[in-house]
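# Close look at the chain arrangement
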Amino acid sequence: MKNTEIKIAKDTYWVGKIDNREVPFHRLVLSKGTTYNSYLLKTGKPTVIDTVDMEFGREYADQMEKLIDPLDISYIVINHTEPDHSGGLAALASRAANATIVCTEIAVPELQEMYKLHARNFLVVKDGDTLDIGGKTLLFKETPYLHTAETMITYCVEDKILFPCDIFSTHVAVGKLFSDEAGFDITEDFKGYYNAIIHPHRRYVRTLIEAVKDLEIEMIAPSHGFIIREEVRKYIDLYAELSRETTQGKKAAIVYTTLKNSTKKMAGILQTTLQANGIETAVWDADKSGMSEILDSIAAADAVFIGSSTRYADMIGNLEPLLKELQQMNLEGKLAAAFGSYGWSGEAIEVIQDYLNGTNMTVQSTSEVIKSTGMTHVEFPIRVRFSPKDADKTQQIKNAADFVSDLLLSSF
């Protein structure tokens, strides 16, 4: 199949790029290659939905000129700013000078900075907004963290086509564009993509399922791999099934010392969030409980949070003897995270992190979160300056607790 215009519905065409190399991607090697799917809707107000990888931007723009005068393009919809989806935008936008770029609010500064588009017109859409493109209506649904914060999906009302970006994708350099023409069952490739890209964001699949539950979908046209037009509901249901909480009976232990109750409040937010996620949680003030009792609780836990306020660049209270004991225990398989409040630089939190790194627990860090999921809204250690009294600080703590919950409840 050549890279060309392929009709997938009335006035709707695939204009993507097949990449049949072994493609480095998210620290993986895609042995089956991949397909960068872009779509052109030749309506009264011609619209492009997503582009291709930035490596193929010029080629993509050259090909587009053979299909339509770029100056006639009214809208370019960008569902997700990652360069394997938006990478062709710079080359296309330079030729499609009249086009308005359609995206979520968070995506605007990202696209402006990535592709020097500060002078371009943007149309910011919110969840449930619609856009008349001249004979067709696009409906937009926000699906944050599937798999980054700015992500949305687009639905063509008249054609009943869902353009879900990364969601429902497969990493295959397709020989035939439609899954029912592939000549093999794509389910394993479909699951493989889910496991590698979407599952770390499993919590947010619930947002997706809610977003599409009332949509009549006859075709799924994702940004990678096969377009699905047969058994559409099967693949939507697979996401619901794969994202379910599959393990139960998980426990967490939270141990802290506190100076003015700010770290205690942090422990309370962690506890409330974990318990809301079905994690049985025990909370211990190390200055008011016996060490043996706390150590027994840690031994029985699947996740351990250790926190302290900072005073004179150090931890306070009876925490250090307990941390030294942890380094002598076999805690393999447990998750661990440091937390705490501070007024100046918060050294105690980093000292706790060092002690935890001296155990054989899997210690959470911002670095590992970013490398494994691309998430930038989850931070470890959990550091709060002064008191966690405002909404942003509370959300910061909840994000960390939710992340650990998802690790515990995930089947992968």
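Moving on to the environment of Ile294. When you line up the elements, Ile294 lands in helix 9 (residues 291-300). For the pair Ile294 and Leu322, spaced 28 residues apart in sequence, the C-alpha to C-alpha distance is 8.6 Å. Setting aside its immediate chain neighbours within four residues, Ile294 contacts Val255, Trp284, Ala286, Ser289 and Leu322.

All right, on to the packing of aromatic side chains then. Counting across every chain of the model gives ten aromatic pairs. Ring plane angle 10 degrees and centroid distance 6.3 Å describe the contact between Phe168 and Phe190, whose orientation is recorded as stacked. With Phe168 in the loop between strand 15 (161-163) and helix 5 (187-198) and Phe190 in helix 5, the pair connects residues that are 22 residues apart, well separated along the chain. Comparing Phe168 with Phe190, the two get one shared label, buried. Grouped by ring-pair contacts, the aromatic residues Phe168, Phe190, Tyr194, Tyr235 and Tyr239 constitute a single cluster. In this structure, Lys42 packs its charged tip against the face of Tyr13, placed 5.1 Å from the ring centre. Note that Arg383 overlies the ring of Tyr342, its terminal NZ or CZ placed 4.7 Å from the centroid.

A separate point is the packing of helix 9 against helix 10 (residues 319-326). Here helix 9 crosses helix 10 at 45 degrees, and the two axes come no closer than 11 Å. On the basis of their axis angle, the class for helix 9 and helix 10 is oblique. Along this stretch, helix 9 crosses helix 10, giving a crossing that reads as right-handed. In contact with Met291, Ile294, Leu295 and Ile298 of helix 9, helix 10 contributes Pro321, Leu322, Glu325 and Leu326. Classifying every residue of the contact of helix 9 with helix 10 by side-chain character gives seven nonpolar, no polar and one charged.

It is worth spelling out the nonpolar core at this point. Ranked by internal contacts, the top residues of the largest apolar core, which has 84 residues, are Ile8, Tyr239 and Phe305. Not counting chain neighbours up to four residues away, the residues in contact with Ile8 comprise Tyr13, Trp14, Tyr39, Leu177, Phe178, Met219, Ala221 and Ile227. With 29 residues, the next largest nonpolar core counts Tyr60, Leu67, Ile76 and Cys103 among its residues.

By the bridge criterion, three bridges tie strand 12 (residues 130-132) to strand 13 (residues 137-142) in an arrangement that is antiparallel. Opposite Thr130, over in strand 13, you have Leu139 as the bridge partner. Linking strand 12 back to strand 13 in an antiparallel pair, the connection comprises four residues, with Gly134 at a positive phi of about 85 degrees. Of the strand pairs in this sheet, strand 13 and strand 14 (residues 152-156) are connected by five bridges, and their pairing is antiparallel. Looking at strand 14, one finds that Leu139 is bridged to Tyr155.

Attention shifts here to the sheet that holds strand 14. Strands sit in the order 12-13-14-15-16 across an open sheet of five strands; the sheet is mixed. Strands at the two margins of the open sheet, each flanked by one partner only, are strand 12 and strand 16 (219-220).

Turning to the sheet that holds strand 8 (residues 47-49), a few remarks are in order. Strand order in this open sheet of seven strands is 1-2-7-8-9-10-11, and the pairing throughout is mixed. The open sheet has two edge strands with one neighbour each: strand 1 (6-9) and strand 11 (122-124). Neighbour-to-neighbour, the strand axes of the sheet open up by a mean angle of 25 degrees, direction not taken into account. Pairing of strand 1 with strand 2 (residues 12-14), which is carried by three bridges, proceeds in the antiparallel orientation. By the bridge assignment, Ala9 is partnered in strand 2 with Thr12.

On to the pattern of salt bridges, then. Taken as a whole and judged by the stated rule, the model has 18 salt bridges. One salt bridge in this structure joins Asp180 and Arg229, with 2.9 Å as the shortest N-O distance. A residue pair is termed long-range when its members are at least 10 positions apart, and Asp180 in the loop between strand 15 and helix 5 and Arg229 in the loop between strand 16 and helix 7 (232-242) qualify at 49 residues. Two residues, Asp390 and Lys393, come together in a salt bridge whose shortest N-O distance is 3.9 Å. Judged by its relative accessible area of 33%, Asp390 is partly exposed. Note on Lys393: relative accessible area 21%, which makes it partly exposed. One salt-bridge network, held together by shared partners, links Arg202, Arg203, Asp402 and Asp406.

Parameters and conventions
Residues numbered from 1 in each chain as written. Predicted model: local features only at pLDDT ≥ 70, side-chain atom pairs only at ≥ 80, totals over all residues. Heavy atoms only, no water. Helix = DSSP H or I, 4+ residues; strand = E, 2+ residues; numbered from the N terminus. Contact = heavy atoms within 4.5 Å. Phe/Tyr/Trp six-rings, centres within 6.5 Å; stacked < 30°, edge-to-face > 60°. Buried < 20%, exposed > 50% of the residue type's maximum accessible area, 1.4 Å probe, protein only. Lys NZ or Arg CZ within 6 Å of the ring centre and 35° of its normal. Axes fitted to C-alpha atoms, helices over the stretch in contact; angles between N-to-C directions. Parallel < 35°, antiparallel > 145°, perpendicular 65-115°, else oblique. Left-handed = near helix turned anticlockwise from the far one by under 90°. Nonpolar A, V, L, I, M, F, W, Y, C, P; charged D, E, K, R; others polar. Core = buried A, V, L, I, M, F, W, Y, C linked by side-chain atoms within 4.5 Å. Pairing = 2+ DSSP bridges. Salt bridge = Lys/Arg side-chain N within 4 Å of Asp/Glu carboxyl O.

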